[in-house]
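# Geometric and topological summary
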Amino acid sequence: MLRLLSGLLPKSLRRRYEEYQAGQRAREEYRRRLLSGPASEVERFVGLPAASQAPQVEPTPTTLPSAQLIHIDDQGQTRATYPLSQLMQTGRVLIGRGHAHISISDDPAMSPRHAMIEPIEGEYRLCDLGSSLGTFLRCQKAPVQDLDQILIGWYLFELQVVRQDLDLDSRLEPFNSLDAPGPTKPPVDPYDPTSPAMGSGDTIQVGSLPVNLQAKLVRILPQGQKGEVYPFDRTLVIGRIGCDVALSENSYVSRRHAMIVQQSGRFELRDLGSKNGTFMRLRRPVQLKHGDCFITGRQFFRFELLKPSAPVE
């Protein structure tokens, strides 16, 4: 009936009536949504469903495998066993001489806060905490760089790479005489690709030239002074008998313990099946794998994974 009567109204009044009806419908919709559930002012304005009606996604806990750290004495016997899964409740495991989860108070070579094991994405990661003597990880084969430190049978060494640049003047001389002899050079077109002096004519692009790399292994004495120096360029064998570096006074060193090899300008440290292992000082955090061994101060540790896995909150 109202719609029929509205058709008889003047055009201006009919437009006001339609606007009134649209406002009524909007207010009814607003009341209906308000009673259906809580919603923010922004959600009410843009017409989004209430936040309480959105599906809740439960976070998936990261699974950290159970593991233990075995402290081994100088005779190869187990001194203590530390369950990392229980100690990791605090988020990390500190190793040091002072207040730490694994405290070795009778080792002066250990820093108060020496190293740390922390969980990262379901794995255990070992990192040095700026200790004075460093943390060393046992390796079978690893690239070695300038100033890397190597521990073999309690002997500490440092690799120092010497770069000897070649005399490039004599090698580039034939390339600098491409133009015809004479005091003046013939005019050339700088945009002609067939011209030997294309461009400015002063710069010649040459590929990478070979360089001769030599290195020396320097022994670091207990007080930090430099001891014996062993220069080499290709290979260097370290052991107790008949080697380039002979360490005959140490029973922890095998007959042929380790070697350093240079290949294509890069150096690689290789363990030769030694009984007590070859260790490199950590420069950055590393992921621990089952059976990994590392040294902090004068203490030897072995990392072992166990089963089953335990979830981390």
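Note that the structure is a prediction, hence the values are computed from the model and not measured. (Residues numbered from 1 in each chain as written. Predicted model: local features only at pLDDT ≥ 70, side-chain atom pairs only at ≥ 80, totals over all residues. Heavy atoms only, no water.)

### Comments concerning the overall build of the protein chain
Broken down by element type, the protein chain carries 5 helices and 20 strands. Of all 313 residues assigned to the protein chain, the portion counted as buried reaches 32%. Across the protein chain, the fraction of contacts at a sequence separation of at least 24, relative to all contacts at a separation of at least 6, is 51%. With an accessible surface of roughly 20900 Å², the protein chain has 52% of that area assigned to carbon and sulfur atoms. (Helix = DSSP H or I, 4+ residues; strand = E, 2+ residues; numbered from the N terminus. Buried < 20%, exposed > 50% of the residue type's maximum accessible area, 1.4 Å probe, protein only. Contact = heavy atoms within 4.5 Å. Areas by Shrake-Rupley, 256 points an atom, 1.4 Å probe, with all protein chains shown as cover.)

### A word on the sheet that holds strand β8 (residues 141-144)
Across the sheet, 5 strands lie side by side as β8-β16-β15-β13-β14; this open sheet has mixed pairing. With one partner strand each, in any of the chains shown, β8 and β14 (245-246) form the two edges of the open sheet. Sheet topology places β8 next to strand β16 (residues 266-271); 4 bridges connect them, and they run antiparallel. Bridging from a neighbouring strand, Lys141 pairs with Arg270 of β16. (Pairing = 2+ DSSP bridges.)

### Structural notes on the side chain of Asp292
Take Asp292: it is sitting in the loop between β18 (286-287) and β19 (293-296). Buried charge without a partner: Asp292 forms no salt bridge, and the closest opposite charge is Lys289, 6.7 Å away. Engagement of the side chain of Asp292 in a polar contact is seen with the backbone nitrogen of Lys289, the distance being 2.8 Å. Setting aside residues up to four positions removed in sequence, Asp292 forms contacts with Leu137, Gln287, Phe301, Arg302 and Phe303. (Lys, Arg positive; Asp, Glu negative; His and termini not counted. Salt bridge = Lys/Arg side-chain N within 4 Å of Asp/Glu carboxyl O. Polar contact = N/O pair within 3.5 Å; in protein donor to acceptor, adjacent residues only side chain to side chain.)

### Concerning the environment of Met116
Relative to the helices and strands, Met116 resides in strand β5 (residues 115-120). For Met116, a relative accessible area of 8% puts it in the buried group. For Met116, the contacting residues outside a window of four places in its chain are Arg92, Val93, Leu94, Arg125, Leu126, Cys127 and Leu129.

### A word on the sheet that holds strand β6 (residues 123-128)
The strand order β4-β3-β5-β6-β18 describes an open sheet built from 5 strands, whose pairing is mixed. Each of the sheet's edge strands pairs with one partner strand only, and the pair in question is β4 (102-103) and β18. Across 3 bridges, the pairing between strand β3 (residues 93-96) and β5 is antiparallel. The partner of Val93 across the bridge, within β5, is Ile117.

### Things to note about the confidence of the model for the protein chain
Looking at the protein chain, the pLDDT average stands at 79 and 69% of residues meet or exceed 70. Every residue in residues 48-52 is under pLDDT 50, and counting partners more than four places away or in other chains gives 10 contacts. In the model, residues 166-180 has pLDDT below 50 throughout and makes 10 contacts with residues more than four positions away in sequence or in other chains. (pLDDT = per-residue confidence, 0-100.)

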